[in-house]
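Each chain, written out:
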Amino acid sequence: MSVEATNAAASASAGEERVGLLRVLGPVHIWALGVGIVLVGEFMGWNFSVGKGGAFGALIACWVIGLLYTCVAMIDSEVTSTVAAAGGQYAQAKHIMGPLMAFNVGLYLVMAYTMLEAANAIVVGDLLVILAEQTGYEGLDPRPFVLLIISLLALLNYRGVFMTLSLNFVITAAAFVSILILFIGVQPWKPGAILQHQGLLTELPYGWIGVIAAFQFGIWYYLGIEGTCQAAEEVRSPSRSLPLGTMTGIMTLLIAATLTWYISSGLLPWQYLGQATVPLYDASRMTGSLLLQIFLFVGTLFAATASANGCINDASRAWFSMGRDRYMPQWFGAVHPVYRTPYRSILFLIPIAVSFAFTGLLDQVITFSILSGLLGYTFMPINMILFRKKWPLGTIRRGYVHPFHPLPAIVLMALCITTFFATYLGFGIQLLAMMTFYIGVSLWFVMHRYKFVRRADQFTMNWPKPVGY
């Protein structure tokens, strides 16, 4: 081989090593990622809390869990704007708490988003079945549509993050507008004209224990807002975009959640609302307006699509980060040389999401997603307290400093414990099965995978040594 050929090969090799994720995202994309993943919770899933605690119990759960997620958003905004790396909470755990916690947090993220993606695909399939029945076609099989939506969104994510999240912004905004249109359409300024709160709202059917049980599905209003952190390595200005996109995202969701409860509880009896698959669409049908039905059909479809799209983005980034750091086989840590996306991680997670979506068990799939997310939230207070203890204010540059520390961490931990109890009341077996799974994979990591981890290579932040070291 000639000297020129040797040098060219060396340059090509060096170029391949330098291939990384593109920094092309701004605050709008972060908002679209966070709200896009979560907004589907306003169109389905949250209403199972009504079946646990009645309409008023679901409203209490909506606001209490909203406080939980406000704490999550505040903590995430500080830590992730400082630890700006792909993987979000996984990257935080890697730098602050160590490999075993990072491995578990990475799995929490992958499982939560993959199960949420499967739930979204189920909703798309069920929505098309409902449409087919309304137009006189019985027996439509939703599974081909489930496979199609997951495959198309995976292809979109494969081709590039900027296009993916730009689309998410458009369809997420459209879905949010459909909620506003329905709110205006039910004429809330004329109580009793369309909305029938006086006749439909009842006292707590199962008492306060039902309210606590409702906390589990109250999470569905907001589950996934922490996904804004997954794009930290692809944001142009992490210190500005991540806090701004995350905090505006949680504000948007608090408004959307309250409007959703208000509309649905005024149009549907709590007994039906507590088991409906697509409650907002069903509420629009109760108005008798074909135009509102069309808006909410499109809004539900867009919300589920945007959520599944964001979930593929977030789950693949977490899995990619674990592969890059040798927590999983390095094969998953590859970046596409042209599209600059974690393409192997995207492709690997497709059959997992499809297999869970094919079960059609929406409440079960939602529960597994909630439990994985809840385990991740339980880690955050500990992580935040250690972060402030090891690197006090003034020792490193932070993009955002959340106020009232350590109060948000304490409130978050208390609400996580309460929600675990709420989950145990309704899905105790699933909770124990999930805990057994994570204990088992932790043992596998310690005994078989930890030896591949290069701890020194993972600490990528240019920080001073922690206080006390």
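Residues numbered from 1 in each chain as written. Predicted model: local features only at pLDDT ≥ 70, side-chain atom pairs only at ≥ 80, totals over all residues. Heavy atoms only, no water.

(A) Seen up close, the state of the cysteines. Summed over all chains, the structure comprises 0 disulfides. Not engaged in a disulfide, the cysteine Cys-62 finds its nearest cysteine sulfur in Cys-71; these two sulfurs lie 15 Å apart. Given the relative accessible area of 0%, Cys-62 is considered buried. (Disulfide = S-S within 2.5 Å. Buried < 20%, exposed > 50% of the residue type's maximum accessible area, 1.4 Å probe, protein only.)

(B) Main features of the environment of Phe-162. Assignment of secondary structure puts Phe-162 in helix H8 (residues 161–185). Judged by relative accessible area, which is 42%, Phe-162 ranks as partly exposed. For the pair Phe-162 and Leu-22, spaced 140 residues apart in sequence, the C-alpha separation works out to 8.9 Å. When neighbours within four sequence positions are excluded, Phe-162 is seen to be in contact with Val-24, Leu-25 and His-29. (Helix = DSSP H or I, 4+ residues; strand = E, 2+ residues; numbered from the N terminus. Contact = heavy atoms within 4.5 Å.)

(C) Fine view of helix H5 (residues 89–96). Among the 8 residues that make up H5, 8 are buried, leaving the element largely enclosed by the rest of the structure. On its buried face, H5 is in contact with helix H4 (48–82), helix H6 (99–134), helix H14 (290–324), helix H16 (362–390) and helix H18 (455–458). Of the residues trailing H5, Gly-98 is marked for its positive phi of about 115°.

(D) Quick peek at the pattern of salt bridges. Under the counting rule described, the total for this entry stands at 5 salt bridges. Across the pair Arg-398 and Glu-78 runs a salt bridge, and its minimum N-O distance is 2.9 Å. Residue Arg-398 is found in the loop between H16 and helix H17 (407–449), and its partner Glu-78 is found in helix H4; the two are separated by 320 residues along the sequence. Residue Arg-398 is classed as buried on the basis of its relative accessible area, which comes to 11%. On the basis of relative accessible area, Glu-78 is assigned to the buried category, the value being 0%. Two residues, Asp-282 and Arg-285, come together in a salt bridge whose shortest N-O distance is 3.3 Å. Taken together, the positions of Asp-282 and Arg-285, both in helix H13 (residues 279–286) and 3 residues apart, correspond to about one turn of that helix. On the basis of relative accessible area, Arg-285 is assigned to the partly exposed category, the value being 37%. (Salt bridge = Lys/Arg side-chain N within 4 Å of Asp/Glu carboxyl O.)

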